[in-house]
Amino acid sequence: MPSSRHILIVNSRNVHQPVFVVGAPHSGTDLIGRALKAAPGFHVTIGQPSVLRVVYAFARRPSMHQGRSEAAAAVLRDAFAQAWQVTPSSCMECGRDCRAAAGLSAAVGPCVDVRGLERFGDASPDLIYCAEALTAAFGDARIVQVIRDGQDAVASMLDDPAVMAWFRPSFVNTDTEFPNPFFGIETSEDLDVWPSLSAAAKCALRWRWSVRLAARLHRELPAAQLKTIRYEHLLKQPRAAISELSEFTGVKVSHTMIPARKPSSGAALGTDQIAEISKVAGEELRRLGYA
């Protein structure tokens with residue numbers, strides 16, 4: 001998967017071993033992103049406009065970049081070169097999540113001191129849809145993938161208006177893009193049943209695709225480039241999980257950035273919703289030990 005090495009210079013620094021955090025919606029990538037962003041000398045962006053434009057273009061229209069790996073990689077490198085710039089006004093376009101993770105108020109100013117800047121990373125929402133292109137764009141990238149119980153992830157998705165908005169008819173493009181990773185549609189059978197699925201089942205399809213991609217990345221990338229963290233392990237044993245993350249990334253991350261809370265149990269789901277999720281993604285739930 002990794003392509004030939006490209007040199008990217010940002011803020012007069014050579015970008016080496018950038019860290020990208022990927023996972024299904026509400027899998028816990030935001031927790032890892034916040035923890036990494038607080039690490040000294042590490043510039044992590046979350047939802048920069050230049051990145052999101054590319055992420056959603058590639059995610060919703062995979063035909064745009066399939067078979068054009070070099071061109072897609074160049075587009076991604078350009079997007080991150082813009083997102084990682086540190087200037088007096090560089091955070092003006094930052095989204096709410098990125099500013100909150102940096103502890104920024106309404107005041108304008110960069111979230112990182114360029115004088116001590118050494119490493120770069122990104123934990124933007126839905127970055128997982130560019131995971132394979134990222135390894136082509138950055139041959140030495142470090143990918144952190146976060147896995148969460150599908151039932152809990154679906155329950156959180158159903159409560160998130162931003163996630164559910166993608167299912168509006170004006171956004172759905174299943175008739176023009178097939179396969180459609182953004183909606184978790186991989187086979188003609190998926191495509192046939194998709195219109196009749198409930199919201200919970202559609203969310204489960206999105207989760208299912210993400211864990212299947214995680215398995216594929218695990219097979220294709222060497223251990224030095226890929227780290228899998230379980231959301232439940234992160235919350236139950238934050239010190240151990242963050243220690244592993246620090247060793248993998250080569251960046252000193254503090255476990256105190258992980259909130260003290262118990263993993264959710266999917267209790268908000270109804271019996272019918274649980275059955276629908278099991279029907280769509282039962283095999284993946286069992287394989288990951290989330291029966």
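Structural data are supplied above this passage.
Rules used throughout
Residues numbered from 1 in each chain as written. Predicted model: local features only at pLDDT ≥ 70, side-chain atom pairs only at ≥ 80, totals over all residues. Heavy atoms only, no water. Pairing = 2+ DSSP bridges. Helix = DSSP H or I, 4+ residues; strand = E, 2+ residues; numbered from the N terminus. Axes fitted to C-alpha atoms, helices over the stretch in contact; angles between N-to-C directions. Expected span 1.5 Å × (residues − 1). Buried < 20%, exposed > 50% of the residue type's maximum accessible area, 1.4 Å probe, protein only. Core = buried A, V, L, I, M, F, W, Y, C linked by side-chain atoms within 4.5 Å. Contact = heavy atoms within 4.5 Å. Lys, Arg positive; Asp, Glu negative; His and termini not counted. Salt bridge = Lys/Arg side-chain N within 4 Å of Asp/Glu carboxyl O. Polar contact = N/O pair within 3.5 Å; in protein donor to acceptor, adjacent residues only side chain to side chain. Parallel < 35°, antiparallel > 145°, perpendicular 65-115°, else oblique. Left-handed = near helix turned anticlockwise from the far one by under 90°. Nonpolar A, V, L, I, M, F, W, Y, C, P; charged D, E, K, R; others polar. Phe/Tyr/Trp six-rings, centres within 6.5 Å; stacked < 30°, edge-to-face > 60°.

(A) Spotlight on the sheet that holds strand β6 (residues 142-147). Taken in spatial order, the 5 strands line up as β4-β5-β3-β6-β7 in an open sheet, and their pairing is parallel. A single partner strand is all that each edge strand has here, and the edge strands are β4 (42-45) and β7 (226-230). Here the average twist between neighbouring strands, direction ignored, is 20 degrees. Pairing of β4 with strand β5 (residues 119-122), which is carried by 4 bridges, proceeds in the parallel orientation. Looking at the pairing, V44 lines up with G121 of β5.

(B) The arrangement of helix α3 (residues 69-83) in detail. The end-to-end C-alpha separation of α3 is 21 Å, in line with the 21 Å expected for 15 residues at 1.5 Å each. Of the positions making up α3, those classed as buried are A72, A73, L76, R77, A79, F80, A81 and A83.

(C) View of the nonpolar core. Counting residues in hydrophobic clusters, the biggest one holds 68 residues, and the most contacted among them are F20, L76, F80, W84, F138 and W207. Sorting the residues of this core by element identifies β3 (19-23), α2 (49-60), α3, α5 (131-137), β6, α6 (150-158), α9 (199-220) and α12 (271-287) as the ones contributing at least two each. For this core, the leading source of residues is α9, giving 11 residues. The contacts of W207, once residues within four sequence positions are left out, are A24, R148, D149, G150, A153, M157, A281, E284, L285 and L288.

(D) Molecular detail of the environment of L31. With respect to the secondary-structure elements, L31 resides in helix α1 (residues 29-37). For the pair L31 and P49, spaced 18 residues apart in sequence, the C-alpha to C-alpha distance is 20 Å.

(E) Structural context of the side chain of E177. Looking at where E177 falls in the secondary structure, it is placed in the loop between α7 (161-164) and α8 (188-193). Lacking a salt bridge, the buried E177 has R61 as its closest oppositely charged neighbour, with an N-O distance of 5.3 Å. Within the structure, the side chain of E177 is placed 2.7 Å from the side chain of S63, a separation counted as a polar contact. Not counting residues up to four positions away in its chain, the partners in contact with E177 are R60, R61, P62 and S63.

(F) Up close: the packing of α6 against α12. Taken N-terminus to C-terminus, the directions of α6 and α12 make an angle of 130 degrees; their axes are 10 Å apart at the nearest point. The angle between α6 and α12 falls in the class oblique. Read as a crossing pair, α6 and α12 show a hand that is right-handed. Residues G150, Q151, V154 and L158 of α6 pack against Q273, I274, I277 and L285 of α12. Here the residues of the contact of α6 with α12 are counted per class, giving 5 nonpolar, 3 polar and no charged.

(G) Summary view of α6. In terms of burial, α6 is a largely internal element, 7 of the 9 residues being buried. For α6, the full list of buried residues reads G150, Q151, D152, A153, V154, A155 and M157. Residues of α6 that are buried in the fold lie against α7, α9, α10 (231-236) and α12. Of the residues that open α6, the one with a side-chain oxygen 3.0 Å from the backbone nitrogen of Q151 is D149.

(H) How the structure looks around the packing of aromatic side chains. This model, assessed by the stated rule, comprises 17 aromatic pairs. Judged by centre distance (5.2 Å) and plane angle (45 degrees), the rings of Y129 and F182 are tilted. One end of the pair, Y129, is in the loop between β5 and α5; the other, F182, is in the loop between α7 and α8, with 53 residues separating them in the sequence. By the ring-pair criterion, three or more aromatic residues cluster together here, those being Y56, Y129, W166, F167, F171, F182, F183, W194 and W209.

(I) Unusual backbone geometry, seen in detail. With omega at -5 degrees, the peptide bond leading from F178 into P179 counts as cis. On the secondary structure map, P179 appears in the loop between α7 and α8. With a phi close to 65 degrees, S12 is a non-glycine residue in the positive phi region.

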